[in-house]
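Chain by chain, the residues run as shown.
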Amino acid sequence: MPKSHFLLCLMALISLRLSGSDEPSLPLRPASEVPTEAGDPLAEAEDPGAQECTACVWREHSRVLRLETIKSQILSKLRLKQAPNISREVVNQLLPKAPPLQQLLDHHDFQGDASLQDEFMEEDEYHATTESVITMASEPEPVVQVDGKPSCCFFKFSPKIMFTKVLKAQLWVYLRPLQQTSTVYLQILRLKPVTEEGSRHIRIRSLKIELNSRAGHWQSIDFKHVLQNWFKQPHTNWGIDINAFDESGNDLAVTSLRPGEEGLQPFLEVKVLETSKRSRRNLGLDCDEHSTESRCCRYPLTVDFEAFGWDWIIAPKRYKANYCSGQCEYMFMQKYPHTHLVQHANPRGSAGPCCTPTKMSPINMLYFNDKQQIIHGKIPGMVVDRCGCS
């Protein structure tokens, strides 16, 4: 058993002893092997409830221990003696709104669950994978229109595409030809349903373009951030309104087609990264907080850094860490023959295998160090992907 796993087991057992019981709350032997007096109806009636309560107590100790371990591990792995003393107000003052920081946030996954549990996946060498998607604009829903306007632009995506990672997204808009050089102000508005107070469209992009094209001009606009938000929150995608006014107030953006303008409507060009793996048999048990499973199992656990008071962590504010809890009973020991023999040789002198992580993955983190510098790094072993007895 690795030293770190042994220490986790030992700490859990000690914490259970400190709860006021003379014996560990979690029996190391199956319930069927615990001797009871024959014909004792009280013992038989209380046994299931006692087992369930024991599992709850053990699980709560495991959860609390996991949270404390995560806090100490983060500081240790970041080589910090203590958490930087930076308040939320100071963070708001220090945090730049420059493009490089936003690009860093867009480029990296800070949620801690982007590994897709590769251990449980295998290469899919049969199905095609999507790399690029071009989506043409269509008319938005009536709930965002007033007197039938705007007539453009809504972009629809399949569920399959919405579960991919967006690498690049460009909005292409065709601008009608000019007779002379002019400054064009291009504006993109995010559509929202019309209320009693009228339309509440929100401007999301503005561009100033010097245009002298007498043959028309295709203009591209970076749309990655907007599209990522749509994929994360599909209910916010009501479409966009596009206009491009020249100095005379003429709208040059082709959003409603005139005769001879076929094929010039706006479109989105999206490059995505789709996993070429498919799931295979899960090698560990996954449970939820309402599960009655007594065996070693992985349980969900979300770590909230704001609840810790750790405002010095910029991203992620929270992540899915998970934890392991449950019994490693003798009846499941065929997989661990050496430990099984030790148990038989000295059943009272060994606590047996412990339910611990058998596969873990890293998280990306953006944070302030104790010198108030912004650091981006990857912290290994922070997400429990699988649990087992070892």
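Refer to the preceding data block for the structure.
Description of the structure in this document. (Residues numbered from 1 in each chain as written. Predicted model: local features only at pLDDT ≥ 70, side-chain atom pairs only at ≥ 80, totals over all residues. Heavy atoms only, no water.)

1. Comments concerning the overall build of the protein
Where we set the bar: Only DSSP runs of H or I covering at least 4 residues are called helices, and only runs of E covering at least 2 are called strands; the numbering of each starts at the N terminus. Each residue is placed in one exposure class: buried if its accessible area under a 1.4 Å probe, protein chains only, is under 20% of its type's maximum, exposed if it is over 50%, and partly exposed if it falls in between. In what follows, residue pairs with any heavy atoms lying within 4.5 Å of each other are defined as contacts. To be clear on the numbers: accessible area is Shrake-Rupley with a 1.4 Å probe, and residue cover counts the displayed protein chains and nothing else.
Looking only at helices and strands, the protein features eight helices and 16 strands. Burial statistics for the protein: of 390 residues in total, 38% are counted as buried. Looking at the protein alone, contacts between residues at least 24 apart form 73% of all its contacts between residues at least 6 apart. By element, 52% of the accessible surface of the protein is carried by carbon and sulfur atoms, the whole surface being about 23,300 Å².

2. A word on the sheet that holds strand 7 (residues 240–245)
The line we're drawing: Two strands qualify as a pair provided that DSSP identifies no fewer than 2 bridges between them. Axis definition: a line fit to C-alpha positions, over the contact stretch in the case of helices; interaxial angles, taken between N-to-C directions, run 0 to 180 degrees.
An order of 5-4-7 is seen for the three strands of this open sheet, with the pairing classed as antiparallel. Bordering the open sheet on either side are strand 5 (202–211) and strand 7, each of which pairs with just one other strand. Going across the sheet, the axis of each strand differs from the next one's by a mean of 15°, ignoring polarity. Relative to strand 5, strand 4 (residues 182–190) runs antiparallel, the two being bridged by nine bridges. Among the inter-strand pairings, Tyr 185 is bridged to a residue of strand 5, identified as Lys 208.

3. Observations regarding the environment of Cys 296
Tracing the backbone shows Cys 296 in the loop between strand 9 (277–279) and strand 10 (297–299). Leave out the neighbours within four places in its chain, and Cys 296 touches Leu 285, Ser 325, Gly 326, Gln 327, Cys 328, Cys 355, Thr 356, Cys 387, Gly 388 and Cys 389.

4. Here's the deal with the pattern of salt bridges
The following threshold applies: Take a side-chain nitrogen of Lys or Arg and a carboxyl oxygen of Asp or Glu: if they are within 4 Å of each other, that pair is a salt bridge.
Using the criterion set out here, one finds eight salt bridges in the structure. Residue Glu 306 pairs with Arg 318 through a salt bridge whose shortest N-O separation is 3.4 Å. With Glu 306 in helix 7 (residues 305–308) and Arg 318 in strand 13 (residues 318–320), this residue pair connects regions lying 12 residues apart in the sequence. Linked by salt bridges that have partners in common, Asp 304, Glu 306 and Arg 318 make up one network.

5. Description of the state of the cysteines
Test applied: When two cysteine sulfur atoms are found within 2.5 Å, that pair is recorded as a disulfide.
The tally for this structure, following the rule as stated, stands at five disulfides. The disulfide partner of Cys 287 is Cys 297, and the S-S distance across this bridge is 1.9 Å. On the S-S bond that ties Cys 287 to Cys 297, the torsion sits near 100°, and the link is right-handed. With Cys 287 in the loop between strand 9 and strand 10 and Cys 297 in strand 10, the pair connects residues that are 10 residues apart, well separated along the chain.

6. A word on the sheet that holds strand 8 (residues 267–273)
Across the sheet, four strands lie side by side as 2-8-3-6; this open sheet has antiparallel pairing. One side of each edge strand has no neighbouring strand; the edge strands of this open sheet are strand 2 (132–136) and strand 6 (217–222). In this sheet, neighbouring strand axes are inclined to one another by 25° on average, regardless of whether the strands run parallel or antiparallel. Across seven bridges, the pairing between strand 3 (residues 165–175) and strand 8 is antiparallel. Considered in strand 8, the bridge of Leu 171 is made with Leu 268. Helix 6 (residues 224–232) contacts strand 3, strand 6 and strand 8 of the sheet and is inclined by roughly 120° relative to strand 3.

7. As for unusual backbone geometry
For the bond from Cys 152 to Cys 153, the omega torsion is 20°, close enough to zero to count as cis. Inspection of the secondary structure assignment puts Cys 153 in the loop between strand 2 and helix 5 (159–162). Here the residue pair Ala 315 and Pro 316 is connected by a cis peptide bond, since its omega of 0° sits within 30 degrees of zero. Take Pro 316: it is sitting in the loop between strand 12 (313–315) and strand 13. Of note in this structure, Arg 79 is not a glycine but carries a positive phi near 60°. Positionally, Arg 79 belongs in the loop between helix 2 (41–77) and helix 3 (88–94). On the accessibility criterion, Arg 79 (76% relative accessible area) is exposed.

8. What about the environment of Ser 132?
Mapped onto the secondary structure, Ser 132 falls in strand 2. Among the residues examined, Ser 132 registers a relative accessible area of 45% and is labelled partly exposed. Sequence separation between Ser 132 and Val 166 is 34 residues, and the spatial gap between their C-alpha atoms is 9.8 Å.

9. Some words on the packing of aromatic side chains
Let me state the cut-off plainly: Classification of ring pairs rests on two measures: the distance between centres of Phe, Tyr or Trp rings, Trp counted by its six-membered ring, which must be within 6.5 Å, and the angle between planes, read as stacked under 30 degrees, edge-to-face over 60 and tilted in between.
Overall, the coordinates contain 12 aromatic pairs when judged by the stated rule. Between Phe 223 and Trp 230, the ring centres sit 5.6 Å apart and the planes meet at 70°, which makes this aromatic pair edge-to-face. One exposure class covers both Phe 223 and Trp 230, and it is buried. Residues Phe 305 and Trp 310 carry aromatic rings whose centres are separated by 6.2 Å and whose planes lie at 5° to one another, so their mutual orientation is stacked. Each member of the pair Phe 305 and Trp 310 is classed as buried.

10. A short note on the nonpolar core
Heads up, the rule is: Side-chain atoms within 4.5 Å link the members of a nonpolar core, which is a set of buried Ala, Val, Leu, Ile, Met, Phe, Trp, Tyr and Cys residues.
Core analysis: the biggest nonpolar cluster contains 32 residues, and Phe 155, Leu 171, Leu 175, Phe 223, Leu 227 and Ile 240 have the highest contact counts within it. The set of elements that each furnish at least two residues to this core consists of strand 3, strand 4, strand 5, helix 6, strand 7 and strand 8. The element that contributes the greatest number of residues to this core is strand 3, accounting for five residues. For Phe 155, the residues in contact, after removing those within four places along its chain, are Thr 135, Met 136, Ala 137, Leu 171, Trp 230, Asn 237, Ile 240, Pro 266, Phe 267 and Leu 268. Of all hydrophobic cores here, the second largest spans 30 residues; its members include Ile 86, Leu 301, Phe 305 and Val 383.

11. A closer look at the pairing of strand 15 (residues 355–368)
In terms of burial, strand 15 is largely enclosed, as 11 of its 14 residues are buried. Examined bridge by bridge, strand 12 and strand 15 share two bridges and lie antiparallel to one another. Of the residues in strand 15, the one forming a bridge with Ala 315 is Leu 366. Between the end of strand 15 and the start of strand 16 (residues 374–389), which pair antiparallel, lie five residues, with Gln 372 showing a positive phi angle near 60°.

The values reported here are purely geometric and, on their own, carry no functional implication.
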